[in-house]
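Residues per chain, in single letters:
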Amino acid sequence: MSYPMVHLKIAYNLLTKCGDMCIGQPGDFLLGAVAPDAVHFHNGYDVSLKEKSHLWKFGPRWGVTLDSEGWLETIRRFWKENRNAENWDFMAGYCTHLLTDWENDRRIWTPFRERVMLGEAVDEVHRQYAVEAHGFDQWLYQNGKESQEIWRLLEQGNAYGVEGCILKEDLERQKQSLLKEQFTGKAAVDVSGYQFCTKAVMEEFVERCVERIQEHINPGN
């Protein structure tokens, strides 16, 4: 699915479109937009934790979605159940992440998997995908004029647990890793030779996600 900087870029663009009319705590919103992946920072992580945090149970294994519409409906139902939560900004970010991964699954990842799998195991195909997806994520951080503002707001974000999905302490570890490790001191990335996660494809994906998700983070919806 999408990597953290893509999630943060989409959330930030939504924030600039909605402003204070929708989001009262921008830092909470941005931290929520990466929160479902906090399970990667859980001691003893396994993929079942990611399926739970992403409300996913729609295929034989994570990475092979057979019921895309069922997943979307589950995300919508989750949002309806949480749209009046006290930590509304955080939960809006959480749902933004889920909707972004839903879009990624059907627009980016699944077409790539079906194009290159040719009998290979899903994990091996994902390793091929990750080279470009992770590379673009680093490039986006390195070249995005709003990256430092995103990091400033992210640092202000309050961590929350989500029952049945993620633990607060895992999210706190993820937050520190993002701020201080994952994007710090990395070599410059050149995406000009990418074949699938190209600059044009990924920028169009970000723009489309912002358009599709915007309606979902309105308190009245």
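**A look at the nonpolar core**
- Core analysis: the biggest nonpolar cluster contains 75 residues, and Ile10, Phe78, Tyr94 and Ile166 have the highest contact counts within it.
- Secondary structure elements with two or more residues in this core: helix H1 (4-18), helix H2 (26-32), helix H4 (68-82), helix H5 (88-116), helix H6 (122-143), helix H7 (147-156), helix H8 (168-182) and helix H9 (199-213).
- In terms of residues, this core owes the most to one element, H5, which gives 13 residues.
- Each residue touching Tyr94, except ones within four places of it in the same chain, is listed here: Gly32, Ala33, Ala35, Pro36, Ser53, Phe78, Val162, Cys165 and Ile166.

**So, the environment of Ala11**
- Within the secondary structure, Ala11 sits in helix H1.
- For the pair formed by Ala11 and Gly32, sequence separation is 21 residues and the distance between their alpha carbons is 9.2 Å.
- Apart from residues no more than four positions distant in its own chain, Ala11 is found in contact with Phe29, Leu30 and Ala33.

**Digging into the pattern of salt bridges**
- Here the structure, examined in full by the defined rule, presents ten salt bridges.
- Between Lys50 and Asp37 there is a salt bridge whose closest N-O contact spans 3.6 Å. In this pair, Lys50 sits in helix H3 (residues 47-53) while Asp37 sits in the loop between H2 and H3, placing the two residues 13 residues apart along the sequence.
- Lys50 gets classed as buried once you look at its relative accessible area, which sits at 11%.
- Arg107 is the partner of Glu103 in a salt bridge, and the nearest nitrogen-oxygen pair spans 2.9 Å. With a gap of four residues between them, Glu103 and Arg107 both fall in helix H5, about one helical turn apart.

Cut-offs used in this document
Residues numbered from 1 in each chain as written. Predicted model: local features only at pLDDT ≥ 70, side-chain atom pairs only at ≥ 80, totals over all residues. Heavy atoms only, no water. Core = buried A, V, L, I, M, F, W, Y, C linked by side-chain atoms within 4.5 Å. Buried < 20%, exposed > 50% of the residue type's maximum accessible area, 1.4 Å probe, protein only. Helix = DSSP H or I, 4+ residues; strand = E, 2+ residues; numbered from the N terminus. Contact = heavy atoms within 4.5 Å. Salt bridge = Lys/Arg side-chain N within 4 Å of Asp/Glu carboxyl O.

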